[in-house]
Amino acid sequence: MKLYLNEKKNEIFCVIGKNVKFYRNAYNLTHPGESITQAKLAELAGITTTQIANLENETGKGVSVPVLYNIASVLEVSIDRLCSTEKVLVKID
């Protein structure tokens, strides 16, 4: 049993990629002096910088659940936030 259609797979990865980029930038705005670059995020998540860049640029093949968990943990958001199409407001102190 498939939980999603194959043609929807790329759409899901695009949403995740946009959200990773959004929350990485939001993290940088809310944590002055603790900037998370693509390279730093990749290092902390256990993947390559190219994989993060491809994910954020929506050209990658996606990531595994453990890697997604690592990315979410580094960015201090839940996995469901990275998979959501809902718009959120980020409070900047």
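### Some points on the packing of helix 2 (residues 38-45) against helix 4 (residues 65-75)
Stage number 1. Where helix 2 contacts helix 4, the axes come no closer than 9 Å and their chain directions differ by 125 degrees. Relative to helix 4, the element helix 2 is oriented oblique. Where helix 2 crosses over helix 4, the handedness of that crossing is right-handed. Only Val-67, Asn-70, Ile-71, Val-74 and Leu-75 of helix 4 make contact with helix 2, whose side of the interface consists of Leu-41, Leu-44 and Ala-45.
Stage number 2. Class assignment of the residues belonging to the contact of helix 2 with helix 4 gives a composition of seven nonpolar, one polar and no charged.

### Structural notes on helix 4
Stage number 1. Within helix 4 the residues assigned to the buried category are Val-67, Leu-68, Ile-71, Ala-72, Val-74 and Leu-75. Projected down its long axis, helix 4 carries its buried residues within an arc of 165 degrees, all on one side. Along helix 4, exposed side chains directed more than 90 degrees from the buried face belong to Val-65, Pro-66 and Tyr-69.

### Comments concerning the side chain of Arg-24
Stage number 1. Looking at the element boundaries, Arg-24 is found in helix 1 (residues 6-30).
Stage number 2. For Arg-24, a relative accessible area of 10% translates into the label buried.
Stage number 3. From its side chain, Arg-24 meets the backbone oxygen of Ile-36 in a polar contact 3.2 Å long.

### Considerations on the pattern of salt bridges
Stage number 1. Following the criterion strictly, the structure yields two salt bridges and no others.
Stage number 2. Close ionic contact of Glu-56 with Arg-24 constitutes a salt bridge, the shortest N to O distance being 2.6 Å. Here Arg-24 lies in helix 1 and Glu-56 lies in helix 3 (residues 49-56), a separation of 32 residues in the sequence.
Stage number 3. Judged by its relative accessible area of 3%, Glu-56 is buried.
Stage number 4. Two residues, Glu-86 and Arg-81, come together in a salt bridge whose shortest N-O distance is 3.9 Å.

### Quick word on helix 3
Stage number 1. Among the residues of helix 3, those classed as buried are Ile-52, Ala-53, Leu-55 and Glu-56. Burial along helix 3 is one-sided: seen end-on, the buried residues are contained in an arc of 160 degrees.
Stage number 2. Glu-58, located one to two residues past helix 3, shows a positive phi value of around 60 degrees.

### Some points on the nonpolar core
Stage number 1. Core analysis: the biggest nonpolar cluster contains 19 residues, and Val-20, Leu-41, Ile-47, Ile-71 and Leu-82 have the highest contact counts within it.
Stage number 2. Mapped by element, the contributors of at least two residues to this core are helix 1, helix 2, helix 3 and helix 4.
Stage number 3. Counting residues per element, this core draws most heavily on helix 4, which supplies six residues.
Stage number 4. What Leu-82 contacts, discounting residues up to four positions off in sequence, is Val-15, Ile-16, Asn-19, Val-20, Tyr-23, Leu-68, Ile-71, Ala-72 and Val-77.

Rules and cut-offs
Residues numbered from 1 in each chain as written. Predicted model: local features only at pLDDT ≥ 70, side-chain atom pairs only at ≥ 80, totals over all residues. Heavy atoms only, no water. Axes fitted to C-alpha atoms, helices over the stretch in contact; angles between N-to-C directions. Helix = DSSP H or I, 4+ residues; strand = E, 2+ residues; numbered from the N terminus. Parallel < 35°, antiparallel > 145°, perpendicular 65-115°, else oblique. Left-handed = near helix turned anticlockwise from the far one by under 90°. Contact = heavy atoms within 4.5 Å. Nonpolar A, V, L, I, M, F, W, Y, C, P; charged D, E, K, R; others polar. Buried < 20%, exposed > 50% of the residue type's maximum accessible area, 1.4 Å probe, protein only. Arc of directions from axis to C-beta. Polar contact = N/O pair within 3.5 Å; in protein donor to acceptor, adjacent residues only side chain to side chain. Salt bridge = Lys/Arg side-chain N within 4 Å of Asp/Glu carboxyl O. Core = buried A, V, L, I, M, F, W, Y, C linked by side-chain atoms within 4.5 Å.

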